[in-house]
Protein chains: 2
Amino acid sequence: MTRFPLPDPMRRALDLAAAAAEAGEVPVGAVVVDAAGKTIGEGENRMRRNRDPSGHAEIIALRAAAAELGSERLDGCSLWVSLEPCAMCAGAISLARISKLYFAAEDPKGGAVLHGPRLYTQPTCHHRPDIMSGMGEEDAAAQLRDFFAARRT
Amino acid sequence: MTRFPLPDPMRRALDLAAAAAEAGEVPVGAVVVDAAGKTIGEGENRMRRNRDPSGHAEIIALRAAAAELGSERLDGCSLWVSLEPCAMCAGAISLARISKLYFAAEDPKGGAVLHGPRLYTQPTCHHRPDIMSGMGEEDAAAQLRDFFAARRT
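Keep in mind that what you see is a predicted model, and the values were worked out from it rather than measured.

A.B. asks: Before we go on, may I ask you to explain the sheet that holds strand β4 (residues 100–105) of chain B in this structure?
C.D. replies: Residue and element names in this part refer to chain B. The five strands are arranged β2-β1-β3-β4-β5 in an open sheet whose pairing can be described as mixed. Two strands bound the open sheet, and with one partner strand each, they are β2 (39–44) and β5 (130–133). Direction aside, the axes of adjacent strands within the sheet are offset by 15 degrees on average. Pairing of strand β1 (residues 29–33) with strand β3 (residues 78–83), which is carried by four bridges, proceeds in the antiparallel orientation. Within β3, the position partnered with valine 33 by the bridge is serine 78. Against the sheet, helix α1 (residues 8–22) touches β1, β2, β3 and β4, its axis set at about 145 degrees to β1. The strands touched by helix α2 (residues 57–69) within the sheet are β1, β2 and β3, with β2 carrying the most contacts at an inclination of about 150 degrees.

A.B. asks: Teacher, can you tell me more about the sheet that holds strand β4 (residues 100–105) of chain A here?
C.D. replies: Residue and element names in this part refer to chain A. One open sheet accounts for five strands, arranged β2-β1-β3-β4-β5; its pairing is mixed. The sheet is open, and its two borders are formed by β2 (39–44) and β5 (130–133), each paired with just one other strand. Between one strand and the next, the sheet's axes are offset by a mean angle of 15 degrees, whatever the strand orientation.

A.B. asks: How do you make sense of the environment of alanine 87 of chain B when you look at a structure like this?
C.D. replies: With respect to the helices, strands and loops of the structure, alanine 87 of chain B is situated in helix α3 (residues 87–95). The exposure class assigned to alanine 87 of chain B is buried, which follows from its relative accessible area of 12%. Expressed as a C-alpha distance, the spacing of alanine 87 of chain B and histidine 115 of chain B, which sit 28 residues apart in the sequence, is 9.9 Å. For alanine 87 of chain B, the residues in contact, after removing those within four places along its chain, are Ala87, Met88, Gly91 and Leu119 of chain A together with Gly110, Ala112 and Leu119 of chain B.

A.B. asks: I tried to follow the side chain of aspartate 107 of chain B on my own but got confused; where do I start?
C.D. replies: All names here are of chain B. Tracing the sequence through the fold places aspartate 107 in the loop between β4 and β5. A polar side-chain atom of aspartate 107 sits 3.1 Å from the main-chain amide nitrogen of glycine 110. Discounting chain neighbours no more than four positions away, the residues touching aspartate 107 are Leu83, Glu84 and His115.

A.B. asks: Honestly, the environment of alanine 105 of chain B in this entry has me stumped. Any pointers?
C.D. replies: Residues and elements named next belong to chain B. Looking at where alanine 105 falls in the secondary structure, it is placed in strand β4. Among the residues examined, alanine 105 registers a relative accessible area of 4% and is labelled buried. Alanine 105 has contacts with Ser82, Leu83, Glu84, Glu137, Ala140 and Ala141, leaving out every residue within four places of it along the chain.

A.B. asks: Help me understand the interface of chain B and chain A in this model?
C.D. replies: When the parts of a complex come together, some accessible area is lost, and that lost area is often taken as the interface size. Of the residues lining the interface, 31 residues belong to chain B; the matching set on chain A comes to 31 residues. Summed over the shared surface of chain B and chain A, the number is two salt bridges. A salt bridge links aspartate 52 of chain A to arginine 63 of chain B; its shortest N-O distance comes to 2.9 Å. The tally of links between chain B and chain A comes to seven residue pairs in polar contact (both at pLDDT 80 or more).

Reading the values: rules and limits
- Residues numbered from 1 in each chain as written.
- Chains lettered and ligands numbered in written order.
- Predicted model: local features only at pLDDT ≥ 70, side-chain atom pairs only at ≥ 80, totals over all residues.
- Heavy atoms only, no water.
- Pairing = 2+ DSSP bridges.
- Helix = DSSP H or I, 4+ residues; strand = E, 2+ residues; numbered from the N terminus.
- Axes fitted to C-alpha atoms, helices over the stretch in contact; angles between N-to-C directions.
- Contact = heavy atoms within 4.5 Å.
- Buried < 20%, exposed > 50% of the residue type's maximum accessible area, 1.4 Å probe, protein only.
- Polar contact = N/O pair within 3.5 Å; in protein donor to acceptor, adjacent residues only side chain to side chain.
- Salt bridge = Lys/Arg side-chain N within 4 Å of Asp/Glu carboxyl O.

Structure, rendered in structure tokens:
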């Protein structure tokens, strides 16, 4: 795996995902970066550790960024995440007014951006981030594959 | 408004919604009840007060219930909410494995259960609660109408 060409926030999201996996959680990591390029929120999947159904990496990163900025609206900020967001997280990203969403691996089973409900294509979606997918895709997919392979043995 | 025939959890959800409105938040309230009928989590919309994009009533109630049970899965529990959940909250309800969802007013603009993406009809939805809508609808609609009318003056 060569990570050199990845932008720092995506590399960090993958590192957070790896930390989640080491703790026995599905490996997903997320980072919020403000318009000036400063990281203002991070999260790794903590659903089981925190016993929190909303404890996905994206929600944790968004909450941290909102606390940092003192605002529930994160206009101008970008979210970097290792996996395509689910419906809960895609909805939260829209509510937070995130400007740009970067995700690594697609998630045909649980993703809600390019798959399933494709939330941002819905007429009732009030805010759509710009979307870029694929950066770090191989690394993220390998993390997930290794995690689930280890659990099956 | 006659509230007498409403089940206790929906009456409580409407009271929580009223409290949110008094605090200047969009009036939405939510209650999680376990299989034995005990209330194990409550929430009112605190998005602005908490400066939290995930601070909807349902998320707060789900998190409280999960903390109370010590599990991110709320199998057998019901969620009572004054307004049709948005995509974020509908997704969280599914992730939490809520068994029954009761909501009062429909939300054609932001709802994601009967409107928009209709999340629980999606083939990629892994858990669908039973749904009952309409109880307390007039009260909830009046709360929302009054709230937005007051803000426009």
